[in-house]
Amino acid sequence: MMTDNESLETYLQIAGVITQAELPIVRGQGRIGDFAVAYRIYRNKQGGGFGDPDKHPFAWAALVYVDGSPLRLNSARGCCREWSTLDRVGQWMLANGFKYWWTRNDIEPGNGELIDVEGELDSEVTIDAQGFPEF
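Below: a short report on this structure. (Residues numbered from 1 in each chain as written. Predicted model: local features only at pLDDT ≥ 70, side-chain atom pairs only at ≥ 80, totals over all residues. Heavy atoms only, no water.)

### Examining the pairing of strand β4 (residues 69-74)
If a strand is regular, its side chains alternate between the two faces of the sheet.
Part 1: Of all the six residues making up β4, five are buried; the element is thus mostly covered by neighbouring parts of the structure.
Part 2: Where strand β1 (residues 16-19) lies against β4, four bridges are found, and the strand directions are parallel. Bridging across to β4, isoleucine 18 finds its partner in leucine 73.
Part 3: One ladder, built from four bridges, connects strand β3 (residues 58-66) with β4; its direction is antiparallel. Residue valine 64 lies in a different strand from β4, and its bridge partner there is leucine 71.
Part 4: Count of turn residues in the β3/β4 antiparallel hairpin: two residues, of which aspartate 67 carries a positive phi of about 55°. (Buried < 20%, exposed > 50% of the residue type's maximum accessible area, 1.4 Å probe, protein only. Helix = DSSP H or I, 4+ residues; strand = E, 2+ residues; numbered from the N terminus. Pairing = 2+ DSSP bridges.)

Structural data, given as structure tokens:
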């Protein structure tokens, strides 16, 4: 069981770190992989409106492949780069040249149940034979 980020990085076999500033250099050298990984971590920072660690104990981090090895993405200051939502990680990925990426969540518990979409729809909406909503 992974109880901290260090054990998580060992489990994920992260080989080292790379800063955002180094990405264009390794991309120009043709050493960066085609995809990245957004993965769930225990929060390191407490900032912004996201600062209650009891309510939000997890964040998202990114790893990229350089020369085939997974490297954790750090900020220019040398700290693990964190995002509060997958949307923000996705925006960063697109802005930094990644067209697709994988997502992992090895630490946050889930119940494994499917979401009941039909039960959450407005009562006036019906579902057609193909499973699409009719308004």
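### Examining the state of the cysteines
Structurally, a disulfide amounts to a covalent bond that connects the sulfur atoms of two cysteines.
Part 1: All told, the structure shown has zero disulfides when counted by the stated rule.
Part 2: We note that cysteine 79 lacks a disulfide partner, and the nearest cysteine sulfur, in cysteine 80, lies 8.6 Å from it.
Part 3: The class for cysteine 79 is partly exposed, based on a relative accessible area of 37%. (Disulfide = S-S within 2.5 Å.)

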